[in-house]
Amino acid sequence: MLRSTRRLGRSGIEVSALGMGCWAIGGPWAEGSIPLGWGAVDDEESVRAVRRALDLGVTFFDTADTYGAGHGERILGRALAGRRHEAVVATKWGYTFDEQARQATGKDASPTYLRRAVHDSLRRLDTDWIDLYQLHLADLPVARGQDLIGTLEELVAGGLIRAYGWSTDRPDRAAAFGRDAPHAAAVQHNLSVLRDAPDMLAVCARYDLAGINRGPLGMGLLTGKYGPGSTLPRDDIRGWTSGWLEWFRGGRPAPEWLRRVGAARAALTADGRTLAQGALGWLWARSDRTVPIPGCRTVAQVEENAAALAWGPLEPDHFVEVERQLAALRAAALRAVDRPYWPSPMQPVAVS
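In this text the structure is predicted, and so the values were computed from the model without any measurement.

Q: Is there a simple way to think about the overall build of the protein in this case?
A: Looking only at helices and strands, the protein features eleven helices and 17 strands. Over its C-alpha atoms the protein spans a radius of gyration of 19 Å, differing by no more than 12% from the 20 Å that the globule rule assigns to 352 residues. Across the 352 residues in the protein, those meeting the buried criterion constitute 59%. Here the contacts in the protein between residues at least 6 apart in sequence split such that 75% fall between residues at least 24 apart. Carbon and sulfur atoms form 53% of the exposed surface of the protein, whose accessible area is close to 13500 Å².

This is the structure we're talking about:
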């Protein structure tokens, strides 16, 4: 049976076992001509989706200042107006952007920028505090990340943030915060039934961190909506070939990942769940530290994902069958072409 809430690492903050990822509701933004959003979005539907999530017991919302070049934070803040105390809000910093042009402009890992970024996020979110503030620069050298801990602790002491973490798929980065940062509470990392992350889960267990699961539905592959003939539009980030975007290539689902979906489908849906609900159930069965954050931009998507809470973790025999079906495919997918590259390389990190 799934507890409807769980602790966000060692912070003591209670969150729903399921979160809502808010990348998509940021709407369009780009790096030059390359889209970084998920295409056009209806802001009114986004607001309804966030509020519906709250109604259904989803209290954890994950965004980033760069989503929509600030627009995503504004929409989330608007949706939570009058209900802020019902929600746990996580956002990220580290990428720079031009709000007016909706353009990504680079990176900045300096303490000076950190102090500026947190105040900008508070303003856009229309809130007095951020519950979880996450370093968005996945590959920042460990020493550079450690240099930010003192500033983050000052922000905690000042009441601007409650806890912080690192969004990274590198265990050494996660361990550095887990070991050295007093108010580190979580690591956001890639985890789904398509791609396990045992090393990251081990770090979470060792340092009492929550594992916030980025990509729990494989950017849509685990919704069952996409097949070999599917094509994504050019204004959708999945419609472009990118070195870090593993699930899609050239706007089409990657065949090796579709094979995994096909192999796991029967076991994930054996008890009547939808494919997406089964994929979320696999995560809860995998670890009691997981907090999946499937992206949503419609009320219908929120309702389907939230219904997974009633199903809870996959039954043990179904979990074992998924693992059996995927064992060979996982072993074969250790080629470099299948490894995640997140985030997209932009410009050199500022050193000031």
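What follows continues from the structure just given.
Q: In this structure, what is going on with empty space enclosed by the protein? I would like to understand it.
A: Rolling a probe over the atoms, with the probe sized like a water molecule, indicates the empty space that remains. Per the counting criterion, the structure on display carries two cavities of 30 Å³ or more. When its volume is computed, the second largest cavity comes out at roughly 50 Å³. The wall of the second largest cavity is formed by Leu18, Gly19, Met20, Ala53, Val58, Pro294, Cys296, Val302, Asn305 and Ala306. Within the residue set of the lining of the second largest cavity, elements represented by two or more residues are strand E3 (19-21) and helix H10 (299-311).

Q: How should I be thinking about the pairing of strand E9 (residues 103-108) in this particular structure?
A: The two faces of a sheet get side chains in turn, since along a regular strand they alternate between them. Pairing of strand E8 (residues 95-98) with E9 involves four bridges; the strand directions are antiparallel. Along E9, the bridge assignment pairs Thr96 with Gly106. Hairpin remark: E8 followed by E9, antiparallel, with four residues in the connecting loop; positive phi at Arg102, about 55°.

Q: In this structure, what is going on with the packing of helix H8 (residues 255-268) against helix H9 (residues 275-286)? I would like to understand it.
A: Two numbers describe a pair of packed helices, the interaxial angle and the distance between the axes. At a minimum axis distance of 9 Å, the contact between H8 and H9 shows a crossing angle of 85°. If you check the angle between H8 and H9, you find them roughly perpendicular. Touching Val261, Arg265 and Leu268 of H8 are Leu275, Gly278, Ala279 and Trp282, all from H9. A class-by-class count of the residues in the contact of H8 with H9 yields five nonpolar, one polar and one charged.

Q: Explanation requested: the nonpolar core in the structure shown.
A: Side chains of nonpolar character tend, in soluble globular proteins, to be buried together. Membership of the largest hydrophobic core comes to 100 residues, with the highest contact counts inside it found for Met20, Phe61, Tyr133, Leu152 and Tyr164. Of the residues forming this core, the biggest block, seven residues, is contributed by H9. Setting aside anything within four residues of it in sequence, one finds Phe61 in contact with Met20, Cys22, Val50, Ala53, Leu54, Leu76, Leu80, Ala87, Val88, Val89 and Ala90. Leu8, Ile13, Phe60 and Ile212 belong to the second-largest nonpolar core, a separate cluster that totals 14 residues.

Q: Is there a simple way to explain the side chain of Arg214 in this structure?
A: On the secondary structure map, Arg214 appears in strand E13 (residues 210-214). The exposure class assigned to Arg214 is buried, which follows from its relative accessible area of 13%. A distance of 3.4 Å separates a polar atom in the side chain of Arg214 from a polar atom in the side chain of Ser167.

Q: How do you make sense of the packing of aromatic side chains when you look at a structure like this?
A: Both the distance between ring centres and the angle between the ring planes are used here to describe each pair of aromatic rings. Evaluation of the coordinates by the stated rule reveals nine aromatic pairs. On the basis of an interplanar angle of 50° and a centroid distance of 6.1 Å, the ring pair of Trp29 and Tyr67 is categorised as tilted. With a gap of 38 residues between them, Trp29 in the loop between E3 and strand E4 (30-31) and Tyr67 in the loop between strand E6 (60-62) and helix H2 (71-79) connect regions that are remote in the sequence. In this structure Trp29 comes out as buried when scored by relative accessible area, which is 7%. Both rings, one in Trp247 and one in Trp257, keep their centres 4.7 Å apart while their planes meet at 70°; by these two values the pair is edge-to-face. On the criterion of sequence distance, the pair formed by Trp247 in the loop between E13 and strand E14 (248-249) and Trp257 in helix H8 is long-range, its members being ten residues apart. The two residues Trp247 and Trp257 agree in class, both being buried. An aromatic cluster is present here, built from Trp23, Trp29, Trp38 and Tyr67 joined pairwise through their rings. Between the NZ or CZ atom of Arg84 and the centre of the ring of Trp129, over which it lies, the distance is 4.1 Å. The side chain of Arg238 reaches across the aromatic face of Phe248, ending 5.6 Å from its centre.

Q: Explanation requested: the packing of helix H1 (residues 43-55) against H10 in the structure shown.
A: At a minimum axis separation of 8 Å, H1 and H10 run at an interaxial angle of 20°. Of the possible angle classes, the one that applies to H1 and H10 is roughly parallel. Considering the relative orientation of H1 and H10, their crossing is right-handed. Across the interface between the two elements, Glu45, Arg48, Ala49, Arg52 and Ala53 from H1 touch Val299, Val302 and Glu303 from H10. Of the residues in the contact of H1 with H10, the class split is four nonpolar, no polar and four charged.

How each quantity is defined
Residues numbered from 1 in each chain as written. Predicted model: local features only at pLDDT ≥ 70, side-chain atom pairs only at ≥ 80, totals over all residues. Heavy atoms only, no water. Helix = DSSP H or I, 4+ residues; strand = E, 2+ residues; numbered from the N terminus. Rg over C-alpha atoms; globule rule 2.2 N^0.38 Å. Buried < 20%, exposed > 50% of the residue type's maximum accessible area, 1.4 Å probe, protein only. Contact = heavy atoms within 4.5 Å. Areas by Shrake-Rupley, 256 points an atom, 1.4 Å probe, with all protein chains shown as cover. 1 Å grid on protein atoms, 1.4 Å probe; cavity = no way out; pocket = protein on both sides within 12 Å on 5 of 7 lines; lining within 4 Å. Points joined across faces, edges and corners; volume = space filled by probe spheres on them. Pairing = 2+ DSSP bridges. Axes fitted to C-alpha atoms, helices over the stretch in contact; angles between N-to-C directions. Parallel < 35°, antiparallel > 145°, perpendicular 65-115°, else oblique. Nonpolar A, V, L, I, M, F, W, Y, C, P; charged D, E, K, R; others polar. Core = buried A, V, L, I, M, F, W, Y, C linked by side-chain atoms within 4.5 Å. Polar contact = N/O pair within 3.5 Å; in protein donor to acceptor, adjacent residues only side chain to side chain. Phe/Tyr/Trp six-rings, centres within 6.5 Å; stacked < 30°, edge-to-face > 60°. Lys NZ or Arg CZ within 6 Å of the ring centre and 35° of its normal. Left-handed = near helix turned anticlockwise from the far one by under 90°.

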